[in-house]
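Below, each chain spelled out in residue letters.
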Amino acid sequence: MNNRQNHRKNPGLYVHVPFCRSKCLYCDFYSIASQTSIPTWLEAVQREMRLYGEDCGDEHRGKFQNFDSLYLGGGTPTILSERDLAALMESARKYFTFSPEPEITIEANPDSLSAGKLQNIRDLGINRISLGVQSLDDADLKYLGRTHSANQAVKALEMIRFSGFTNISVDLIYGLETQNLRGWRKTLDKILEFRPEHLSCYQLTFEPGTPLGKMKAAGKVRSIGDKLEAAFFIYTSRYLEREGYLHYEISNFARATELTSCHNQKYWTHTPYLGLGPSAHSFYSGTRWWNVKSVKKYCQLLAEGTPPVESSEILTEDQLDLESLYLGLRTSAGIDLNELGADPGMSGALAEMQRTGLVKISNGRIKPTRKGFLVADSLPLMFQG
Ligand code: SF4
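Quantities reported herein were computed from a predicted structural model and do not represent experimental measurements. All residue numbers refer to positions counted from 1 along the written sequence of the respective chain. Local features in this predicted model are restricted to residues of pLDDT 70 or higher, and side-chain atom pairs are both shown and tallied only at a pLDDT of 80 or more, whereas totals for entire chains, interfaces and linings draw on every residue.

## Focus on the overall build of the protein chain
In step 1: Counting secondary structure elements, the protein chain contains 14 helices and 15 strands.
In step 2: For the radius of gyration, the atom set is restricted to C-alpha positions; the globular benchmark scales as 2.2 Å times the number of residues to the power 0.38. Computed over the C-alpha atoms, the radius of gyration of the protein chain is 21 Å, within 12% of the 21 Å expected from 2.2 N^0.38 for a compact globule of 385 residues.
In step 3: Here the C-beta atoms are placed from the backbone, and a residue counts as buried if at least 20 other C-beta atoms lie within 10 Å of its own, exposed if 12 or fewer do, and partly exposed otherwise. Relative to its 385 residues, the protein chain shows a buried fraction of 38%.
In step 4: Put simply, 72% of the contacts in the protein chain that link residues at least 6 apart link residues at least 24 apart. To qualify as a helix, a DSSP run of H or I must reach at least 4 residues; to qualify as a strand, a run of E must reach at least 2; elements of each kind are numbered from the N terminus. For the purpose of contact definition, each residue receives a C-beta atom placed from its backbone, and two residues are in contact when these atoms lie within 7 Å.

## A look at the site of the ligand
In step 1: Whether a residue is near a molecule or strand depends on its C-beta atom, placed from the backbone, lying within 6 Å of it. Surrounding the ligand, one finds C20, K23, C24, C27, F29, S31, G74, G75, T76, N109 and G132.
In step 2: Three classes are used, and their members are as follows: Ala, Val, Leu, Ile, Met, Phe, Trp, Tyr, Cys and Pro are nonpolar, Asp, Glu, Lys and Arg are charged, and the others, Gly among them, are polar. Here the shell around the ligand is composed, by residue class, of 4 nonpolar, 6 polar and 1 charged.

## Here's the deal with the domain arrangement of the protein chain
In step 1: The domain boundaries here were taken from an automatic or database domain assignment. In terms of domains, the protein chain is made up of domain 1 (4-268) and domain 2 (320-383).
In step 2: Here domain 1 and domain 2 have C-alpha centroids that lie 28 Å from each other.
In step 3: Taken together, the contact pairs 9 residues of domain 1 with 8 residues of domain 2.
In step 4: For the side of domain 1 that touches domain 2, the residue count by class is 6 nonpolar, 2 polar and 1 charged.

## Describing the packing of helix α6 (residues 181-192) against helix α8 (residues 226-242)
In step 1: Viewed as axis vectors pointing N to C, α6 and α8 meet at an angle of 30°, and their least axial separation amounts to 11 Å. In this structure, the crossing between α6 and α8 has a hand that is right-handed. Here L181, W184 and L188 of α6 come into contact with α8, specifically with A231, F232, Y235 and Y239.
In step 2: The class makeup of the residues in the contact of α6 with α8 is 7 nonpolar, no polar and no charged. Every axis in this analysis is a line fitted to C-alpha atoms, fitted for helices over the stretch in contact. Angles between the N-to-C directions lie between 0 and 180 degrees. Two helices cross in a left-handed way if the nearer one is turned anticlockwise from the farther one by less than a right angle. They cross in a right-handed way if the turn is clockwise.

Below you can see the structure in the form of structure tokens.
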């Protein structure tokens, strides 16, 4: 059932830049609020590029070339100096080949940009910026522990557009107890003035172990509850679709099909991707592996010439099928009807899901509706009876 043919598609390259000015209260990504190890990290990531791109003597040799996407994520990649960014891009181009017009994205925070840096980023061939705005209400930003103000975020968007970027993605978060639908609408309205090509709207989650997760456990903050969360989700989807955006994945919206994220779709379709840097994950033809998290350990291993892989797993056919179902039903493309097979139990479940308006069938594919997106994680279970 899985997208087996996708291992022949162009792979995506991800580089994890694990440094931030300070840690946001909700953040579950691996990053550290210290920049002292940037030079060692840069050297290590360049070594890792060489391991895969040149010296690779193991089973990965030659599999990771001709990338059509490069994603500099984090962390806050724009915290790197212009010189470090240039060195990173130079090494990527030295050790790997890319398709003629790759999508090259950098994640950025509003307080880590300047007009000069943006110009430099463009000169390096980076053609897409993913800006972490989260909200344009200072009370929300404070609640989230962000280091920038709403005004700084607006200024950053102005600067990015002025620098000539024609592919901007904006990250936003909804479902905060400091927020109501009217305030959320104000944020969306202001953001839409910039006509971003892409929007990622995430529902706030209280990840265990994060400061916000601990505050929730201690009763100091609370979630807004399932009903209100659903209201935010439906409102956002309807509103952005009315504004001309395609709601193509639960949390993602694009102004046109060609503006959907080329890189992120690899994660949803079992297309190969190579992740470099601490905690980065990779996937190739049913095998997934991931790097050690700690920057220190990552740098130590690479200094010794050892691949910084922490562990790996080989997914069985059944596991790949189940993942395809989960991932496919989180996207508007859905899954191929033929993938369900002729099991009468499956057909019964499908009929019931159509009747209740959770999925629709079009062009031979089972596609979740907006209502289906709301319960996307439960849809595969319904097929399994
Ligand atoms: S800037 Fe991004 S990666 Fe860094 S702490 Fe905040 S949410 Fe996490």
